[in-house]
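# Observations on chain architecture
In case you want the letters, here they are:
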Amino acid sequence: GGFVGQISTSDETVVEVSESFTTGNVTSEEGRAGGFVGRTSNFLGGGVIITDSYHKGGEVVAGPETTAGGFIGRLGQETQISNSYAAASLVESGVQPGGFVNTRSGAAEPDQITDSYWDEEATGVTFTFGEAEPLTTEQMTGPAAEDNMEALEFGVIWTTVPDNYPDLLDNPRD
């Protein structure tokens, strides 16, 4: 992943990631590839919470026998993602790629992903695991983002950027 390859938790440990982003290319020949995180794994009650984060630009590419997702390659149980987006320029893998999340492990459920989006047009991918919403580049950029990505708290956590994807107010990419 662009932020981290794998987040693993156990014994009631909870890892929280908030207001973070990645840009650029992510490539994995053997492991899961995700624009933000390659894979989450949770054992014995641990968990991962990712909020208000994104992956923008660059290709997310996995090898011929593994998976790629615009935001996460493989979602573990007890992982919650909300108010996030993926806008990779391409998502490609030997197994059907996912626009936001590619696949799940074990008991992971689609409703672990809420209020999140991916650029279906830029990635060229129409499938995702979970409840992320597909949008076009036009719907996700400039002032249109505020109208179409209603779950993001614009003016509080997020800001629109002319001719570009939303940015974080307290952690801008430029």
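Scroll up to find the structure.
Just so you know, these numbers come straight off a predicted model, no measurement behind them. (Residues numbered from 1 in each chain as written. Predicted model: local features only at pLDDT ≥ 70, side-chain atom pairs only at ≥ 80, totals over all residues. Heavy atoms only, no water.)

## Here we look at the pattern of salt bridges
The test is simple: The term salt bridge refers to a pairing of a side-chain nitrogen on Lys or Arg with a carboxyl oxygen on Asp or Glu at a separation within 4 Å. Buried means the residue's accessible area, taken with a 1.4 Å probe over protein chains only, is under 20% of the maximum for its type, while exposed means over 50%, and partly exposed covers the values in between.
Evaluated as defined, the whole model comprises one salt bridge. Residue D167 is joined to R173 by a salt bridge in which the shortest nitrogen-to-oxygen separation is 3.6 Å. Judged by relative accessible area, which is 7%, D167 ranks as buried. Residue classification places R173 among the buried residues on the basis of a relative accessible area of 16%.

## Notes on the sheet that holds strand β17 (residues 117-119)
As a reminder, the rule being used: Two strands pair under a simple rule: DSSP has to find at least two bridges between them. Numbering of helices and strands starts at the N terminus; helices are DSSP runs of H or I of at least 4 residues and strands are runs of E of at least 2. Axis definition: a line fitted to C-alpha atoms, limited for helices to the stretch in contact. Angles are taken between N-to-C directions and run from 0 to 180 degrees.
A sheet is described by the order of its strands in space; here five strands give the open sequence β3-β8-β13-β17-β18, paired in parallel fashion. A strand with exactly one partner marks an edge of an open sheet, and here the two such strands are β3 (21-23) and β18 (133-135). Across the sheet, the axes of successive neighbouring strands diverge by a mean angle of 15°, strand direction being ignored. Pairing of β3 with strand β8 (residues 54-56), which is carried by three bridges, proceeds in the parallel orientation.

## Here we look at the nonpolar core
The condition that has to hold: Put simply, buried Ala, Val, Leu, Ile, Met, Phe, Trp, Tyr and Cys residues joined by side-chain atoms within 4.5 Å make one nonpolar core. Note on definitions: a residue-residue contact is assigned when non-hydrogen atoms from the two residues lie within 4.5 Å.
Ranked by size, the top nonpolar core spans 18 residues in total, and within it I50, I81 and F100 carry the most contacts. Counting residues per element, the ones that place at least two in this core are β7 (47-51) and β11 (72-75). Discounting residues that sit within four places of it in the chain, I50 has contacts with V17, F36, V37, F71, I72, Q80, I81, S82 and S84. By size, the runner-up hydrophobic cluster in this structure holds 14 residues, among which are Y54, F154, W158 and Y165.

## A word on the sheet that holds strand β15 (residues 101-104)
Here we have four strands laid out as an open sheet, ordered β1-β6-β11-β15, and parallel in their pairing. With partners counted over all chains shown, the strands left at the sheet margins are β1 (4-9) and β15, one partner each. Recorded for the sheet is a direction-independent mean angle of 15° between the axes of neighbouring strands. When strand β6 (residues 37-42) meets β11, the two strands line up parallel, connected through two bridges. Bridge assignment links R39 to a residue of β11, and that residue is R74.

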